[in-house]
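# Descriptive analysis of the structure
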Amino acid sequence: MPYHTNQQKCNMKSETIISDQFYTTSDNTNNNGHSISSSIFRINSTTSTRNKETTSSPLGLIVLISTFALMLTGAFMVYQFQPDFDQFHIERINSSWGFPFLILAIALFVFQSGVFAYNLFLYLRYKPIESVSDDLLPTCTVIVPAYNEGKLVWDTLLSLANSDFPEQKLQILAIDDGSKDDTWYWMKQAKIKLGDRLTIFQQPENGGKRHALYRGFELGTGEIFVTVDSDSIVKKDTLRNLVSPFVVNEKCGAVAGNVQVLNNKKALLPKMLNVSFVMSFEFMRSAESMLGSVLCTPGAAAAYRRDAVMNCLPEWINQTFMGQPSDIGEDRAMTNMILKQGLHVLFQKNAYVLTNVPEEYTGLYKMFIRWSRSNVRENLMMAQYVFKDFRKESKFGARLLFINQSLKIILAYPFLIFMLIFVATHPLLFLSSTLLSILVVSTFPVLFYAKRYNLADSFWAYSYSIFYTFSLFWITPYAIVTANKRGWLTRGLSDKK
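Remember, it's a predicted structure, so these values are computed and weren't measured experimentally.

## Observations concerning the sheet that holds strand β4 (residues 224–228)
- Across the sheet, eight strands lie side by side as β3-β2-β1-β4-β7-β6-β10-β5; this open sheet has mixed pairing. Bordering the open sheet on either side are β3 (198–202) and β5 (232–234), each of which pairs with just one other strand. Neighbouring strand axes in the sheet, compared pairwise and without regard to direction, differ in orientation by 30° on average.
- Here strand β6 (residues 252–261) runs beside strand β7 (residues 301–305); their pairing, made up of three bridges, is antiparallel. Each bridged residue has a counterpart across the sheet, and for Ala256 the counterpart in β7 is Ala302.
- In this fold helix α10 (residues 268–290) packs onto β6 and β10 (344–355), with an angle of close to 155° to the strand it touches most, β6.

## Here we look at the packing of aromatic side chains
- Counting across every chain of the model gives 31 aromatic pairs.
- Look at Trp154 and Trp186: their rings are 5.9 Å apart centre to centre, the planes differ by 65°, and that puts the pair in the edge-to-face class. With Trp154 in helix α6 (residues 152–161) and Trp186 in helix α7 (residues 183–194), this residue pair connects regions lying 32 residues apart in the sequence. Trp186 matches Trp154 in its accessibility class, with the two residues each being buried.
- A centroid spacing of 5.6 Å and a plane angle of 70° characterise the contact between Phe217 and Trp316, whose relative ring orientation is edge-to-face. Of this pair, Phe217 sits in helix α8 (residues 209–219) while Trp316 sits in helix α11 (residues 306–317), and the two are 99 residues apart along the sequence.

## A look at the nonpolar core
- By size, the foremost hydrophobic cluster in this structure holds 112 residues, and its most contacted members are Val142, Leu157, Phe217, Val226 and Trp316.
- For this core, the leading source of residues is α10, giving 10 residues.
- Setting aside chain neighbours within four positions, we find Val142 in contact with Leu160, Leu170, Gln171, Ile172, Leu173, Val226, Val228 and Leu239.
- Formed by 10 residues, the second largest nonpolar core is a distinct cluster that contains Phe85, Phe88, Leu416 and Phe422.

## Observations regarding the UniProt feature "transmembrane region" (unreviewed entry) in the protein
- UniProt tags residues 59–79, 99–121, 400–422, 428–449 and 461–481 as "transmembrane region" (unreviewed entry).
- Along residues 99–121, the helical share is 100% and the strand share 0%, with 33 Å between the first and last C-alpha atoms.
- End C-alpha atoms of residues 461–481 are separated by 29 Å, and the span's content is 86% helix alongside 0% strand.

Definitions and limits used
Residues numbered from 1 in each chain as written. Predicted model: local features only at pLDDT ≥ 70, side-chain atom pairs only at ≥ 80, totals over all residues. Heavy atoms only, no water. Pairing = 2+ DSSP bridges. Helix = DSSP H or I, 4+ residues; strand = E, 2+ residues; numbered from the N terminus. Axes fitted to C-alpha atoms, helices over the stretch in contact; angles between N-to-C directions. Contact = heavy atoms within 4.5 Å. Phe/Tyr/Trp six-rings, centres within 6.5 Å; stacked < 30°, edge-to-face > 60°. Buried < 20%, exposed > 50% of the residue type's maximum accessible area, 1.4 Å probe, protein only. Core = buried A, V, L, I, M, F, W, Y, C linked by side-chain atoms within 4.5 Å. UniProt positions renumbered as here; feature names shortened; annotations may be inferred.

Put into structure tokens, the structure is as follows:
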């Protein structure tokens, strides 16, 4: 998250950041390979090597070839079954529900197309705020909550300590949330290396990430709070970039960092998620930032104005949903409460952070369930203020984003029912039209990633769309009916995301 005064424009490719941009310290911790340069998360120094590893593995090539084979087959089937599609449309129009459904579908298509065009317009106008000078930088408290992260927390803490940020203005707090592994050991090792630059705490028992963050907020002295996940690595200039908007915009209450995937060489799912994250952050949050209404500041790297946090801290730590304490979605909840204060929430594209994501299906769907449950909860909370006079400036952007999010939740079950009926009555038409739709709709993420980084990895957007459509379509409907359930779901020793 730091930023050099003479800003370096790094050529970001695939995994985005090369090793010498993270760690340039000449200190060696010991002979056991504990230095950052020997970390399992060391980033390769050449783009060509990365791309070759990413796309040339036998399994990766098989998946990509199969992806294109499926989509092209779908397109060919749509062409072959055109008479069947025509007959299906005639039958649907002549049915009692067909015409209203058609009107609804057209209205939604027009709305979503308009939203996409508006987001594209906002993205093209977006520019990240450049770092301010050392003299203008505010004091900053970085809070790193950790649970069962092992040596990953060491990597995180050293990357923060290596930030291009004035030492006298930087306070780093690490909080072990009752881990059952050697997380506390690695925190103590980091403390030995960093000395007074790092303060470590150990919770008496596992109380959840929200309570670990709360302790950090209570103990922190900085004008700006920065929260960083304990399995994430920041770039040298990330902190500078992340906190600079608070200096130039007095209405800024929070800032979201630019999250990309750290372990995208290790498995297929991280490769897919890497492309998805770029679209989610660099396109969507850039547009949201132009409206001053980024809906969620990510746990991997986010910054908050101290006064804004303190104004809502009692409500945040005591938040409940349907009578139960909220132990998920702490980042979305904090963002919501800051927006409610009439403050702006921005996105800094130049504040890069690399984070680990699940490498297996089980970990991934559990992470998505947690996110989706939080989305349902916080949309209900947002509905309580978004149409009121919560902000002196324009409220159009926040309201548009809320409506768009709410429609996805409201229509989850109608579309699920329609899909199941379509599958049961016309399986081949469903399969072919879905594959063709993926080819068309996912082309924009492919082009976007190719323009920003490289063409080879961009094709994973197609594979991810197929994977999500056929294996994760149930997430939102399930999250809606289980929104009241508690639990992190993925905080075990082997699956921490």
